[in-house]
Amino acid sequence: MNNIYLAAPFFSDGQNERVNEVVSLLRANPTVADDGIFIPSEHQQEDLEFGTFKWQVATFNSDVRQVHKANAVVAILDYQYEETKENEPDSGTIFEIGAAWEAGVPVILVQYDESKKLNLMLAQSYTAFYNGKEAIQSLKTYDFNDLPQHYTDKEVF
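Analysis parameters
- Residues numbered from 1 in each chain as written.
- Predicted model: local features only at pLDDT ≥ 70, side-chain atom pairs only at ≥ 80, totals over all residues.
- Heavy atoms only, no water.
- Helix = DSSP H or I, 4+ residues; strand = E, 2+ residues; numbered from the N terminus.
- Contact = heavy atoms within 4.5 Å.
- Salt bridge = Lys/Arg side-chain N within 4 Å of Asp/Glu carboxyl O.
- Core = buried A, V, L, I, M, F, W, Y, C linked by side-chain atoms within 4.5 Å.
- Buried < 20%, exposed > 50% of the residue type's maximum accessible area, 1.4 Å probe, protein only.
- Expected span 1.5 Å × (residues − 1).
- Phe/Tyr/Trp six-rings, centres within 6.5 Å; stacked < 30°, edge-to-face > 60°.
- Pairing = 2+ DSSP bridges.
- Axes fitted to C-alpha atoms, helices over the stretch in contact; angles between N-to-C directions.

Time to look at the environment of Ala100. Along the chain, Ala100 turns up in helix α3 (residues 91-103). Placed 15 residues apart in sequence, Ala100 and Ser115 show a C-alpha to C-alpha distance of 26 Å. What Ala100 contacts, discounting residues up to four positions off in sequence, is Val67, Val73, Val105 and Val107.

Below you can see the structure in the form of structure tokens.
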């Protein structure tokens, strides 16, 4: 069974709804370990004061360690989907994608807003890309054992 690191923003209700949907799909996937989804928002170093230097160091080190331990990173690109027409991905999520790619950990990209272009660096770093709410449903059957490539001809910028 495979362990997944879920890279995604979790700062608004809409972001958390997307995280919850993706987690549900991954939990339904028979190639993902039952307790194998690392959700950063559930590991926020509660014993340390939020935002302090010690909290930052602990959170950063924990997240990077978990990215490197994962069999794959699933990254939700939508950040301010509800708030703005400019739906640039969250910078922390982008960092985690880069860390995964550099460590040889496969990256599965998820984007709800299928009207948005994909950044060239992201377009060249993924193993699979699910674009649009309907396509994202495929996460429950994606084979994390074989990690088949799933590309798009989406326009890049």
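Now that the structure is up, let's keep going.
So, about the pattern of salt bridges. Tallied over the entire structure, the rule returns one salt bridge. Linking Lys133 and Glu21 is a salt bridge whose minimum nitrogen-to-oxygen distance equals 2.8 Å. Of this pair, Lys133 sits in helix α5 (residues 133-136) while Glu21 sits in helix α1 (residues 13-27), placing them 112 residues apart in sequence.

Moving on to the nonpolar core. One finds Val22, Val74, Ile108 and Phe144 to be the most contacted residues of the largest nonpolar core, which totals 24 residues. Those elements that place two or more of their residues in this core are β1 (2-7), α1, β2 (32-38), β3 (72-76), β4 (107-111) and β5 (128-131). If one sorts the elements of this core by residue count, α1 sits on top with five residues. In contact with Val74, not counting residues within four places along its chain, are Ile4, Tyr5, Leu6, Ala7, Val22, Leu26, Ile108, Val110 and Phe144. Formed by 19 residues, the second largest nonpolar core is a distinct cluster that contains Ala7, Val67, Val73 and Ile97.

Before going further, it helps to spend a moment on helix α2 (residues 53-69). Compared with an ideal rise of 1.5 Å per residue, which puts 17 residues at 24 Å, α2 spans 24 Å between its outermost C-alpha atoms and is within 8% of the ideal. Listing the buried residues of α2 in full gives Trp55, Thr59, Ser62, Asp63, Val64, Gln66 and Val67.

Now for the packing of aromatic side chains. The description of two aromatic rings rests on the distance between their centres and on the angle between their planes. Evaluated as defined, the whole model comprises eight aromatic pairs. Aromatic pair Phe50 and Trp55: ring centres 4.5 Å apart, planes at 55°, arrangement tilted. Seen from their ring centres, Tyr126 and Phe129 are 5.5 Å apart, and the 40° between their planes marks the pair as tilted. Phe129 gets classed as buried once you look at its relative accessible area, which sits at 1%. Each residue in the set Tyr126, Phe129 and Tyr151 is aromatic and connected to the rest through ring pairs, giving one cluster.

In this section: the sheet that holds β2. Strands sit in the order β2-β1-β3-β4-β5 across an open sheet of five strands; the sheet is parallel. Of all strands in the sheet, those with a lone pairing partner are β2 and β5, marking the two edges. Across the sheet, the mean angle separating the axes of adjacent strands is 20° when strand polarity is ignored. For β1 and β3, the ladder comprises four bridges, and the chain directions are parallel. Directly across from Ala7, in β3, lies its bridge partner Ala75. Across the face of the sheet, α1 comes into contact with β1, β2, β3 and β4 while running at roughly 145° to β3.

Turning our attention to the environment of Ile39. Along the chain, the position of Ile39 falls in the loop between β2 and α2. Considering only alpha carbons, one finds Ile39 and Leu139, 100 residues apart in sequence, at a separation of 16 Å. Aside from chain neighbours lying at most four places away, what touches Ile39 is Val19, Val23 and Arg27.

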